[in-house]
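So the chains spell out like this:
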Amino acid sequence: MFLPISDSPNPPQRSYMTWSIIGLNIIVYCCITLPLMFQQVDLNNPHLLEYLRTLGIQGRVSAQQVLDHIAPYDLIVFRFGFRPAEFSLVSLFTALFLHGGFWHLAGNMLFLFIFGNNVEYRLGRVNFVLTYLGCGVIATLFFALFAQGSQVPLIGASGAIFGILGCYFLWFPKNRVRCFLFLFPFITTNIYLPSRLVLAFYLIIDNILPFLISGNAESGIAHGAHIGGFLGGVGLAWLMGGMSTSVRKGMSLEPPVPDNSAPIHQADSSPMFEKAKSYLLLNDANARQMVSSSDVLSLGNFLLGEGKLNEALRLYKRFIVERPRDPQLALAYLGAGMALYRLPRQQNVAYQYFLNARELAEDEVLAEQARYYLRRIEGKKIN
């Protein structure tokens with residue numbers, strides 16, 4: 001058995017929306033699902049006949065057989081779960097808060113608990129909720145593409161949660177996930193794995209392969225919704241965060257930050273300001289390459305020291321993209337991380353840059369600087 005149980009680093013503030021969504025799902029389960037699953041259906045329920053006809057129950061069926069096999073919750077799922085053959089805007093959303101049982105709920109909430117907080121911190125509370133619901137809708141519609149005409153209801157939060165996992169996959173590639181590994185009877189341990197490896201495992205092994213082999217929901221699991229939600233999350237994260245290239249080993253996705261620091265004004269007339277402004281205004285990559293790496297990094301450090309955080313970040317990121325094999329690349333990653341670290345809501349993005357700085361550093365002093373910030377973001381005590 002392979003199960004994620006936590007991730008690192010985590011944001012410095014409480015994730016109220018993540019906890020609220022978890023709480024709402026638990027309330028629905030405890031107040032609606034659980035009680036109705038163990039009650040007998042009322043034969044006078046006006047939705048019972050529609051349920052029986054729609055799902056194809058025909059022939060001589062006694063009332064006792066109906067009582068033995070149908071619970072009131074089945075009728076709730078039939079009405080408020082999403083049925084591709086009976087498109088309903090309301091059920092697109094209500095289906096996200098209904099679950100088929102305790103383990104269905106527990107698995108979904110575990111993944112939301114682990115991965116939701118970083119994405120909420122990155123997006124902000126309102127945008128997080130909108131992204132969660134939007135990914136849920138995308139997941140459901142993607143599922144419906146492969147189940148047109150089906151009257152079997154789709155329920156569960158997993159499509160929306162896989163959308164959050166898609167955002168996490170794009171934005172936090174260097175985060176680590178603590179996983180519980182249980183190979184009975186020989187191995188029981190916790191291991192730390194890169195976040196992308198863990199998420200790719202669940203996407204490919206648990207969803208894409210079963211989807212290709214058995215179809216959309218042959219096993220009772222809506223693999224198509226999981227895949228659609230993940231793709232929707234990656235797409236939305238791409239649109240919201242953009243892409244920049246980390247040219248150490250090919251391409252990696254890292255979102256830029258909003259431009260919310262003060263620009264370089266004309267009044268900033270010191271020679272270093274003028275040089276920094278001139279460099280940032282260069283549109284010709286060949287002209288930028290004519291400036292020595294040491295001078296570019298000196299300008300970045302000056303801007304960082306003067307509090308021009310976004311300008312410093314632009315300069316460092318330009319260095320990273322355009323000088324992938326430069327011996328001083330680790331310094332650019334460190335500088336970009338320091339700029340992000342001081343910007344609001346960007347510490348978890350800074351974490352990715354500090355990891356790259358630590359991995360590339362050939363100088364132990366530089367590596368220790370990167371480790372210092374990594375420990376601070378992780379909330380560990382600094383000796």
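The structure this text deals with has already been given above.
Worth saying up front: this structure is predicted, and the values here are computed from it rather than measured.

Trainee: Explanation requested: the overall build of the protein in the structure shown.
Mentor: Across its full length, the protein carries 17 helices and three strands. Per-residue burial over the protein gives 47% buried out of 383 residues. A fraction of 70% describes how many contacts in the protein between residues 6 or more apart in sequence connect residues 24 or more apart. Put simply, the protein shows about 19100 Å² of open surface, and 61% of that area lies on carbon and sulfur atoms.

Trainee: Whenever I open this one, the packing of aromatic side chains confuses me. Can you help?
Mentor: Within a pair of aromatic rings, the relevant descriptors are the distance that separates the centres and the angle that separates the planes. Scanning the entire structure with this criterion turns up 20 aromatic pairs. Consider the rings of tryptophan 19 and phenylalanine 113, whose centres lie 5.4 Å apart with planes at 70°: the pair is edge-to-face. Placement of the pair is tryptophan 19 in helix H1 (residues 16-37) and phenylalanine 113 in helix H6 (residues 102-123), with a sequence separation of 94 residues. Judged by its relative accessible area of 39%, phenylalanine 113 falls in the partly exposed class.

Trainee: Whenever I open this one, the sheet that holds strand E3 (residues 187-194) confuses me. Can you help?
Mentor: By definition, the strands of a sheet pair up through backbone hydrogen bonds, in either a parallel or an antiparallel sense. Ordered in space as E1-E2-E3, the three strands form an open sheet in which the pairing is antiparallel. The open sheet has two free edges, formed respectively by strand E1 (2-8) and E3, since each of these has just one partner strand. Looking at each pair of strands side by side, their axes are set apart by 25° on average, direction ignored. Strands in contact with H6 are E1 and strand E2 (176-183); relative to E1, the strand with the most contacts, it is inclined by about 25°.

Trainee: Whenever I open this one, the side chain of histidine 223 confuses me. Can you help?
Mentor: Within the secondary structure, histidine 223 is located in helix H10 (residues 223-241). On the basis of relative accessibility, which here comes to 5%, the residue histidine 223 falls in the buried class. In terms of polar contacts, histidine 223 uses its side chain to reach the backbone carbonyl oxygen of aspartate 206, at 3.2 Å.

Trainee: How should the nonpolar core be read in this particular structure?
Mentor: As a rule of thumb, nonpolar side chains are buried together in soluble globular proteins. Counting 40 residues, the largest nonpolar core has Leu303, Leu315, Tyr316, Ile320, Leu340, Tyr353 and Phe354 as the members making the most contacts within it. For this core, the element with the most residues is helix H15 (residues 329-342), which contributes nine residues. Grouped together as the second largest cluster of nonpolar side chains are 35 residues, Leu112, Ile114, Leu123 and Trp171 included.

Trainee: Would you mind going over helix H8 (residues 158-171) with me for this structure?
Mentor: Each α-helix turn comprises 3.6 residues. Residues three or four places apart therefore point the same way. Helix length check: H8 (14 residues) gives 20 Å between terminal C-alpha atoms against 20 Å at 1.5 Å per residue, within 8%. Burial analysis of H8 places 13 of its 14 residues in the buried class, the great majority of the element.

Trainee: Is there a simple way to explain the side chain of asparagine 108 in this structure?
Mentor: Within the secondary structure, asparagine 108 sits in helix H6. Residue class for asparagine 108 comes out buried when judged on its relative accessible area of 9%. When neighbours within four sequence positions are excluded, asparagine 108 is seen to be in contact with His99, Gly156, Ala157, Ser158 and Ile161.

Trainee: Where do I start with the pairing of E2 in this structure?
Mentor: Bridging between E1 and E2 involves six bridges; their strand directions are antiparallel. Each residue of the ladder has a partner; that of serine 8, found in E2, is arginine 176. Examined bridge by bridge, E2 and E3 share eight bridges and lie antiparallel to one another. In the sheet register, valine 177 faces E3, and the bridge partner there is leucine 193.

Trainee: Even after reading the chapter, I still don't get the environment of glycine 163, so can you show me in this structure?
Mentor: By the element assignment, glycine 163 lies in helix H8. Apart from residues no more than four positions distant in its own chain, glycine 163 is found in contact with Cys135, Gly229, Phe230 and Gly233.

Trainee: Can you help me understand the packing of helix H14 (residues 309-322) against H15 in this one?
Mentor: Helix-helix packing is described using two parameters, namely the angle between the two axes and the distance between the axes. Direction vectors running N to C along H14 and H15 enclose 150°, while the axes themselves pass 9 Å from each other. One element, H14, and the other, H15, form an angle in the roughly antiparallel class. When you trace H14 past H15, the crossing you get is left-handed. In contact with Leu309, Leu313, Tyr316, Phe319 and Ile320 of H14, H15 contributes Leu329, Ala332, Tyr333, Gly335, Ala336, Ala339, Leu340 and Arg342. Split into classes, the residues belonging to the contact of H14 with H15 amount to eleven nonpolar, one polar and one charged.

Trainee: Any chance you could explain helix H11 (residues 271-280) here in plain terms?
Mentor: Within H11 the residues assigned to the buried category are Phe273, Ala276, Lys277, Tyr279 and Leu280. Along H11, the residues classed as buried sweep out an arc of 165° about the axis, all on the same side. Of the exposed residues in H11, those oriented more than 90 degrees away from the buried face are Pro271 and Lys275. Looking at the buried positions of H11, the neighbouring elements they touch are helix H12 (285-289), helix H13 (293-305) and H14.

About the criteria used
Residues numbered from 1 in each chain as written. Predicted model: local features only at pLDDT ≥ 70, side-chain atom pairs only at ≥ 80, totals over all residues. Heavy atoms only, no water. Helix = DSSP H or I, 4+ residues; strand = E, 2+ residues; numbered from the N terminus. Buried < 20%, exposed > 50% of the residue type's maximum accessible area, 1.4 Å probe, protein only. Contact = heavy atoms within 4.5 Å. Areas by Shrake-Rupley, 256 points an atom, 1.4 Å probe, with all protein chains shown as cover. Phe/Tyr/Trp six-rings, centres within 6.5 Å; stacked < 30°, edge-to-face > 60°. Pairing = 2+ DSSP bridges. Axes fitted to C-alpha atoms, helices over the stretch in contact; angles between N-to-C directions. Polar contact = N/O pair within 3.5 Å; in protein donor to acceptor, adjacent residues only side chain to side chain. Core = buried A, V, L, I, M, F, W, Y, C linked by side-chain atoms within 4.5 Å. Expected span 1.5 Å × (residues − 1). Parallel < 35°, antiparallel > 145°, perpendicular 65-115°, else oblique. Left-handed = near helix turned anticlockwise from the far one by under 90°. Nonpolar A, V, L, I, M, F, W, Y, C, P; charged D, E, K, R; others polar. Arc of directions from axis to C-beta.

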